[in-house]
Amino acid sequence: MPNAHTISGLATRHLLSIADLHRPDIDSLLALGETYLDLSVQKDARNDILAGKTLINLFFENSTRTEKSFELAARRLGADVINMSMSTSSAAKGETLLDTATTLNAMNPDLLVIRHGASGAPALLSQKVSCAVINAGDGAHEHPTQALLDALTLRTRLGAIDGLRIAICGDILHSRVARSNVQLLNILGAEVRLIGPPTLIPQDADQWGVEVFHDMKSGLKACDVVMMLRLQLERMGGAFVPSKREYFHFYGLDQKKLDYAAPGALVMHPGPMNRGVEISSDIADDPDISLITAQVEAGVAMRMAILHALSLGGVNG
Ligand code: NCD
């Protein structure tokens, strides 16, 4: 059972971006995540490291897996959890984010997990509250815990990430998952490629340390891992793709396109999936190919590790 004596605190007090983490922090978080994942398989992951502590889940956008994953992780560590779904709370009555922060701060939480539609909202909140803040997705900016759980999934399945060729495909423009993953995978030594139509690739992507492709055939060549992204229609004001059918034809992952990748290539998706739009069901549901369920499993373990490490306090404040 991991305890406070076997791991040290992180250099950061909050987890707002992958850039908050130094390589030693990343390595110790992934190692701790691996321990929690092993324990969860043995059904022995529960401990009381966060007993007496309170975690508030503050979600301004809908979430199924992320919110529940944080809740389960915190409960398994013995914390009290409050879930605040902000569409039904004071925010809907016009309270500002900073008023909400002041109110929550008065409740003295130890950990605040926030998802918000605006990039930078978690960073703003972290300046106004006295507890650790975790970014569970802000606009199209970052989703650092998703990138960490994806790295844990890959490490568990493939051993090392260093040297892997990984393609992130689809709606990169609106994807906070892609932005966090590109940073983390680059730090961990993977060769990262982005594949998508020109309308869904950010203009500055060539400065992200990746290679950009606009067609699946050349982009997937010799890739070990194919990470598919949801077409984020709710973030699209105008027409970014001609139709879902045409999108699937060019960019949807089916067996034929997966054959362009390396033999035995594995497939990931952060969920929720649009089946038949960015991925076909036969790929998504094939346990030999798809890591999608493993990602959800790794999510709880990784978040236990993150909560555990952050609860020890940031070394550099
Ligand atoms: C992602 C998100 O919310 O950014 N989902 C998730 O956290 N599992 C990706 C998405 O919504 O498509």
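How each quantity is defined
Residues numbered from 1 in each chain as written. Predicted model: local features only at pLDDT ≥ 70, side-chain atom pairs only at ≥ 80, totals over all residues. Heavy atoms only, no water. Axes fitted to C-alpha atoms, helices over the stretch in contact; angles between N-to-C directions. Helix = DSSP H or I, 4+ residues; strand = E, 2+ residues; numbered from the N terminus. Parallel < 35°, antiparallel > 145°, perpendicular 65-115°, else oblique. Left-handed = near helix turned anticlockwise from the far one by under 90°. Contact = heavy atoms within 4.5 Å. Nonpolar A, V, L, I, M, F, W, Y, C, P; charged D, E, K, R; others polar. pLDDT = per-residue confidence, 0-100. Pairing = 2+ DSSP bridges. Core = buried A, V, L, I, M, F, W, Y, C linked by side-chain atoms within 4.5 Å. Buried < 20%, exposed > 50% of the residue type's maximum accessible area, 1.4 Å probe, protein only. Arc of directions from axis to C-beta. Disulfide = S-S within 2.5 Å. 1 Å grid on protein atoms, 1.4 Å probe; cavity = no way out; pocket = protein on both sides within 12 Å on 5 of 7 lines; lining within 4 Å. Points joined across faces, edges and corners; volume = space filled by probe spheres on them.

A word on the packing of helix 1 (residues 23–41) against helix 5 (residues 144–158)
Two numbers describe a pair of packed helices, the interaxial angle and the distance between the axes.
Then, in step 1: Running from N to C, helix 1 and helix 5 cross one another at 65 degrees; their axes reach a closest spacing of 10 Å. When the axes of helix 1 and helix 5 are compared, the pair comes out roughly perpendicular. The interaxial crossing formed by helix 1 with helix 5 has right-handed handedness. Where helix 1 abuts helix 5, its residues Leu-29, Leu-30, Ala-31, Gly-33, Glu-34 and Leu-37 lie against Leu-148, Ala-151, Leu-152, Arg-155 and Thr-156.
Then, in step 2: Grouping the amino acids of the contact of helix 1 with helix 5 by side-chain chemistry returns seven nonpolar, two polar and two charged.

Regarding the confidence of the model for the chain
Then, in step 1: The pLDDT averaged across the chain works out to 93; a share of 94% of its residues lies at or above 70.
Then, in step 2: Per-element averaging of pLDDT across the chain places helix 3 (residues 97–105) at the bottom with 88 and strand 5 (residues 165–169) at the top with 99.

Some thoughts on the sheet that holds strand 5
Then, in step 1: Across the sheet, which stays open at both edges, the five strands sit in the order 7-6-5-8-9 with parallel pairing between neighbours. In this open sheet, the two edge strands, each paired with only one partner strand, are strand 7 (211–213) and strand 9 (266–268). Along the sheet, successive strands turn relative to each other by an average axial angle of 25 degrees, direction set aside.
Then, in step 2: The sheet contact formed by strand 8 (residues 225–228) and strand 9 spans three bridges and is parallel. Paired with Met-227 across the strands is Met-268, a residue of strand 9.
Then, in step 3: In this fold helix 5 packs onto strand 5, strand 8 and strand 9, with an angle of close to 160 degrees to the strand it touches most, strand 9.

Thoughts on the nonpolar core
Then, in step 1: In terms of nonpolar packing, the biggest core is built from 66 residues, with Leu-148, Ile-168, Leu-194, Met-302 and Leu-307 touching the most fellow members.
Then, in step 2: For this core, the element with the most residues is helix 11 (residues 292–311), which contributes ten residues.
Then, in step 3: Core analysis: the next-biggest nonpolar cluster, separate from the first, contains 26 residues, Leu-200, Cys-223, Ala-265 and Ile-292 among them.

So, helix 8 (residues 244–251)
Then, in step 1: For helix 8, the complete set of buried residues consists of Tyr-247, Phe-248 and Tyr-251. All buried residues of helix 8 fall inside an arc of 100 degrees around its axis, so they share one side. Set apart from the buried face of helix 8 by more than 90 degrees, the exposed residues are Arg-245 and His-249.
Then, in step 2: Looking at the buried positions of helix 8, the neighbouring elements they touch are strand 6 (191–195), helix 7 (216–219), strand 8 and helix 9 (255–258).

Examining the state of the cysteines
Then, in step 1: On inspection of all chains with the given rule, the structure shows zero disulfides.
Then, in step 2: Its sulfur unpaired, Cys-223 is 7.3 Å from the next cysteine sulfur, which belongs to Cys-169.

Concerning the sheet that holds strand 1 (residues 54–59)
Then, in step 1: Within the open sheet, the four strands sit side by side as 2-1-3-4. Their pairing is parallel. Only two strands of the sheet have a single neighbouring strand rather than two, namely strand 2 (80–85) and strand 4 (132–138). Going from strand to strand, the sheet's axes swing by 15 degrees on average, the running direction of each strand aside.
Then, in step 2: Sheet topology note: the strand 1/strand 2 ladder contains six bridges and is parallel. Note that in strand 2 the partner of Phe-59 across the bridge is Ser-85.
Then, in step 3: In the packing of helix 11 onto the sheet, the strands contacted are strand 1, strand 3 (111–116) and strand 4, and the crossing angle to strand 4 comes to about 145 degrees.

Some remarks on the layout of surface pockets
Then, in step 1: When its volume is computed, the largest pocket comes out at roughly 390 Å³.
Then, in step 2: Arg-115, Arg-176, Arg-230, Gly-271 and Pro-272 are, among the 21 residues lining the largest pocket, the residues nearest its centre.
Then, in step 3: Of all elements in the fold, only helix 2 (65–76) and helix 6 (176–187) reach the threshold of two or more residues within the lining of the largest pocket.
Then, in step 4: Tallied by class, residues from the lining of the largest pocket come to four nonpolar, ten polar and seven charged.
Then, in step 5: Estimated volume of the second largest pocket: approximately 200 Å³.
Then, in step 6: Ser-40, Val-41, Lys-43, Asp-44, Ala-45, Arg-46, Leu-72, Arg-76, Glu-297, Val-300 and Ala-301 together form the lining of the second largest pocket.
Then, in step 7: Breaking the lining of the second largest pocket down by element, the ones donating at least two residues are helix 1, helix 2 and helix 11.
Then, in step 8: Counting residues per element, the lining of the second largest pocket draws most heavily on helix 11, at three residues.
Then, in step 9: Residue composition of the lining of the second largest pocket, grouped by class: five nonpolar, one polar and five charged.

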